Amino acid sequence: MAERKLKRVDLDTLVSLSKRRGIVFQSSEIYGGVGSVWDYGPIGVELKRNVKNLWWQAMVRERDDIVGLDAAILMNPEVWAASGHISNFTDPMVECKKCHHRFRVDNIQGKACPDCAGELTEPRMFNLMFKTFMGAVEEEAAVVYLRPETAQGIFVNFSNVQQTTRRKLPFGIAQIGKSFRNEITPGNFIFRTREFEQMEMEFFCKPGTDEEWHRFWIHFSVDFFKRYGIRGEKLRVRHHEESELPHYSTGSADVEYEFPWGWGELETISDRTDFDLKAHMQRSGKDLSYFDEETKERYVPFVIEPAMGADRTALAFLADAYDEEEAAPAEGPGKAGDKRVVLRFHPDIAPVTVAVLPLSRNEKLVPTAKKVHDILRPLFNTQYDDSQSIGRRYRRQDEIGTPLCVTVDFETVEKDDSVTIRNRDLMTQVRVPIARLAEAVREQLDVMRKDCHG
Ligand code: GAP
């Protein structure tokens, strides 16, 4: 396997590349944006969708012991009272009496406001859940919350899923969806935002087997990132100190990635014990225990939870794929010594897998190029591009990490019915008959998959 020596990248470079290439835009940009909320552009939406689909594939479709769920964002507020989020999902905050900016206590040094040196209030607890009202009347009784984690939708459906699927323990329920947190110190682009997507799985198991499953799911998570190209040396597992454990956990480990600003959490794998099911049993009065037919025992299952953020994972894939090198002058449009920016995505992560590029917009080339595109588009995620020079188009495809470009030229239409496949990483140009194109693309992608393994 080829060793990948990628360039380190700073966050500003990633933010401007994302804007330039339609990966991520600031939300409501024409109004000056809105605090730490981002929109995914035409390329970014494909990247994030690939991340979610691959997680779903690895978690649900490739396993016999996990099923899927898509629960609603809005839930009965009793859920959040039972889960502890109303009383525990808080950060200690101070507010400046002059400029009214708020800060997390653990983020400030000294006793004055970091922004205007004004006097600060005493710390008070600030709940991170967004509130809204259900129905026509804006009163306390109508308050509902935007969920701060997808997990609770799984816990309250545990019996529904277990009974309808007739599952025996251990088994898991996976879900992908939006979560919302009124973070006090969001930042680092799409790393910490107020609206984000989570990919969570709650794995229900027999009490006493939880520690073993905890270890299993930590390994599984690290393998997932490596399988799709994150380099092993950029990943680490960090076990939480007792003092950092979330209120529901007896043991948590973070899978961290070395982002441009340092190590940051991608995923937390927690041992939630029977905390949530018991809390919901108590508050709802409904029985959520499980009867083990084999041992004739009844118990409340323990839960291991791998909880991953889709946005952070997309950012890690983006940062990890970033590379720069001297451009090949033959490909233009610049001079020798120009910089070539290339995202060396794993082919299954890449937003576009194959681009079809006629050498120019010449009327002889375009119909054949469109025909070639029609052959490929049902099989791969493709893009057709005939604007500007071929050199510029190669650069654009490199900047969004397209593994293969297929070029249609005059020889294609006048002579040999063949096209050229340009390989993003090897920079080879291989001529193949159109009749064999799909197979040749598949072969090259397979080789790239092996080379991209972290
Ligand atoms: N159900 C457990 C739970 O929500 P968490 O560690 O708070 O655990 C899980 O969140 C994952 O969700 C994190 O590892 C991170 O990837 C993602 N996440 C959490 N807060 C986020 C935020 N404000 N912005 C982006 N992603 C976030």
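Residues numbered from 1 in each chain as written. Predicted model: local features only at pLDDT ≥ 70, side-chain atom pairs only at ≥ 80, totals over all residues. Heavy atoms only, no water.

Focus on the domain arrangement of the chain
Defined as follows: Delimitation of the domains relies on an automatic or database domain assignment. In what follows, a contact means two residues having at least one pair of non-hydrogen atoms within 4.5 Å. Accessible surface is computed with a 1.4 Å probe, and the buried area is the amount of it that two parts give up when combined, taken over both parts together. One speaks of a salt bridge when a side-chain nitrogen belonging to Lys or Arg is within 4 Å of a carboxyl oxygen belonging to Asp or Glu. We count a stretch as a helix when DSSP gives it H or I for four or more residues in a row; a strand needs E for two or more, and each element gets its number in order from the N terminus. Residues were grouped as follows: Ala, Val, Leu, Ile, Met, Phe, Trp, Tyr, Cys and Pro as nonpolar; Asp, Glu, Lys and Arg as charged; and all remaining residues, including Gly, as polar.
When cut into domains, the chain gives domain 1 (11-69 + 133-318) and domain 2 (333-452). Using C-alpha coordinates to define each centre, domain 1 is positioned 36 Å away from domain 2. Tallying the contact residues gives 14 residues for domain 1 and 14 residues for domain 2. Of the roughly 1,300 Å² buried at the junction of domain 1 and domain 2 (both faces included), carbon and sulfur atoms supply 66%. At the boundary of domain 1 and domain 2, one finds two salt bridges. As a salt-bridge pair, Glu399 and Arg20 come within 3.2 Å of each other at their nearest N and O atoms. Contributing elements (two or more residues each) for the side of domain 1 that touches domain 2: α1 (11-20), α2 (42-61) and α9 (310-321). Ranked by residues supplied to the side of domain 1 that touches domain 2, first place goes to α2 with six residues. Of the residues assigned to the side of domain 1 that touches domain 2, the class counts are eight nonpolar, two polar and four charged.

Side note on the nonpolar core
The following threshold applies: Only buried residues count toward a nonpolar core, which is a set of Ala, Val, Leu, Ile, Met, Phe, Trp, Tyr and Cys residues joined through side-chain atoms within 4.5 Å. A 1.4 Å probe rolled over the protein chains alone gives each residue an accessible area, and that area as a share of the maximum for its type sets the label: buried under 20%, exposed over 50%, partly exposed in between.
Core analysis: the largest hydrophobic core is formed by 58 residues, its most contacted members being Trp55, Met59, Trp217 and Phe345. A domain-level breakdown of this core finds at least three residues from each of domain 1 (11-69 + 133-318) and domain 2 (333-452). Ignoring sequence-local partners within four residues, the contact set of Met59 consists of Ile66, Ala174, Met201, Trp217, Phe220 and Pro306. With 20 residues, the next largest nonpolar core counts Val356, Val406, Val408 and Ile421 among its residues.

Notes on the state of the cysteines
Disulfide: a covalent bond formed between the sulfur atoms of two cysteine residues. The test is simple: Put simply, a disulfide is two cysteine sulfurs that come within 2.5 Å.
What the rule picks out here adds up to zero disulfides. Cys116 provides the cysteine sulfur closest to Cys96, a residue in no disulfide bond, and the two sulfurs are 3.6 Å apart. In this structure Cys96 comes out as buried when scored by relative accessible area, which is 0%. Cys452 forms no disulfide, and the closest cysteine sulfur to it belongs to Cys405, at a distance of 15 Å. Looking at Cys452, the relative accessible area reads 2%, which means it is buried.

Side note on the site of the ligand
Spelled out, the test is: By convention in this text, a residue qualifies as near a molecule or strand provided that one of its non-hydrogen atoms is within 4 Å of it. Whenever two N or O atoms come within 3.5 Å, that pair is a polar contact, provided that in protein one can donate a hydrogen and the other can accept it, and provided that, for residues adjacent in sequence, both atoms are side-chain atoms. Residue exposure ignores everything except the shown protein chains as possible cover, and the areas themselves are Shrake-Rupley values with a 1.4 Å probe. Points on a 1 Å grid over protein atoms alone make up a cavity when a 1.4 Å probe fits among them but cannot get out, and a pocket when they form an open set with protein on both sides within 12 Å along at least five of seven lines; lining residues each have an atom within 4 Å of a point. Think of it this way: if more than half of a molecule's atoms are within 2 Å of a pocket's grid points, that molecule is in the pocket or cavity.
Around the ligand sit 21 residues, and of these Glu149, Glu183, Thr193, Glu200 and Glu265 come closest. Contacts to the ligand include Thr193, whose backbone N or O atom sits 2.8 Å from a nitrogen atom. Calculation on the ligand without its partners gives an accessible area of 550 Å², and the protein chains cover 94% of this total. Taking a 2 Å distance to the grid points as the criterion, the majority of the atoms of the ligand fall inside the largest pocket. Sorting the residues of the shell around the ligand by element identifies β10 (195-205), β13 (262-273) and β16 (302-309) as the ones contributing at least two each. Broken down by element, the shell around the ligand gets its largest block of residues, five residues, from β13. Taken together, the residues that form the shell around the ligand break down as seven nonpolar, four polar and 10 charged.

Points about the sheet that holds strand β11 (residues 235-239)
Under the convention used in this document: Two strands make a pair as long as DSSP finds a minimum of two bridges between them. Convention adopted: a line fitted to C-alpha atoms gives each axis, helices being fitted over their contacting stretch, and angles between N-to-C directions are expressed from 0 to 180 degrees.
Taken together, the seven strands give an open sheet; going across it, the order is β3-β9-β10-β16-β13-β12-β11, and neighbouring strands pair in mixed fashion. In this open sheet, the two strands that pair with only one neighbour each are β3 (66-68) and β11. Across the sheet, the mean angle from the axis of one strand to that of its neighbour is 25 degrees, orientation sign disregarded.

Examining unusual backbone geometry
The omega torsion across Leu169 and Pro170 is 0 degrees, close enough to zero to call that bond cis. Positive phi, normally seen in glycine, also occurs at Ser28, with a value near 50 degrees. Relative to the assigned elements, Ser28 resides in the loop between β1 (24-26) and β2 (38-40). You can call Ser28 partly exposed: its relative accessible area is 34%. One non-glycine residue, Thr273, lies in positive phi territory at about 45 degrees. Positionally, Thr273 belongs in strand β13. Of the residues examined, Thr273 reaches a relative accessible area of 13% and is grouped as buried.

Quick notes on empty space enclosed by the protein
Where empty space is left in the structure can be found by rolling a water-sized probe over the atoms. Operational definition: Grid points are joined across faces, edges and corners, and a volume is the space filled by probe spheres set on the points.
One pass over the full model with this rule turns up two cavities of 30 Å³ or more. In this model, the largest cavity occupies a volume close to 50 Å³. The wall of the largest cavity is formed by 10 residues, among which Tyr228, Gly229, Phe317, Ala321 and Arg344 lie closest to the centre. Split into classes, the residues belonging to the lining of the largest cavity amount to five nonpolar, two polar and three charged. Both domain 1 (11-69 + 133-318) and domain 2 (333-452) contribute no fewer than three residues apiece to the lining of the largest cavity. Here the second largest cavity defines a volume of roughly 30 Å³. Taken together, Met93, Val94, Glu95, Arg102, Thr121, Arg124 and Phe126 form the lining of the second largest cavity.

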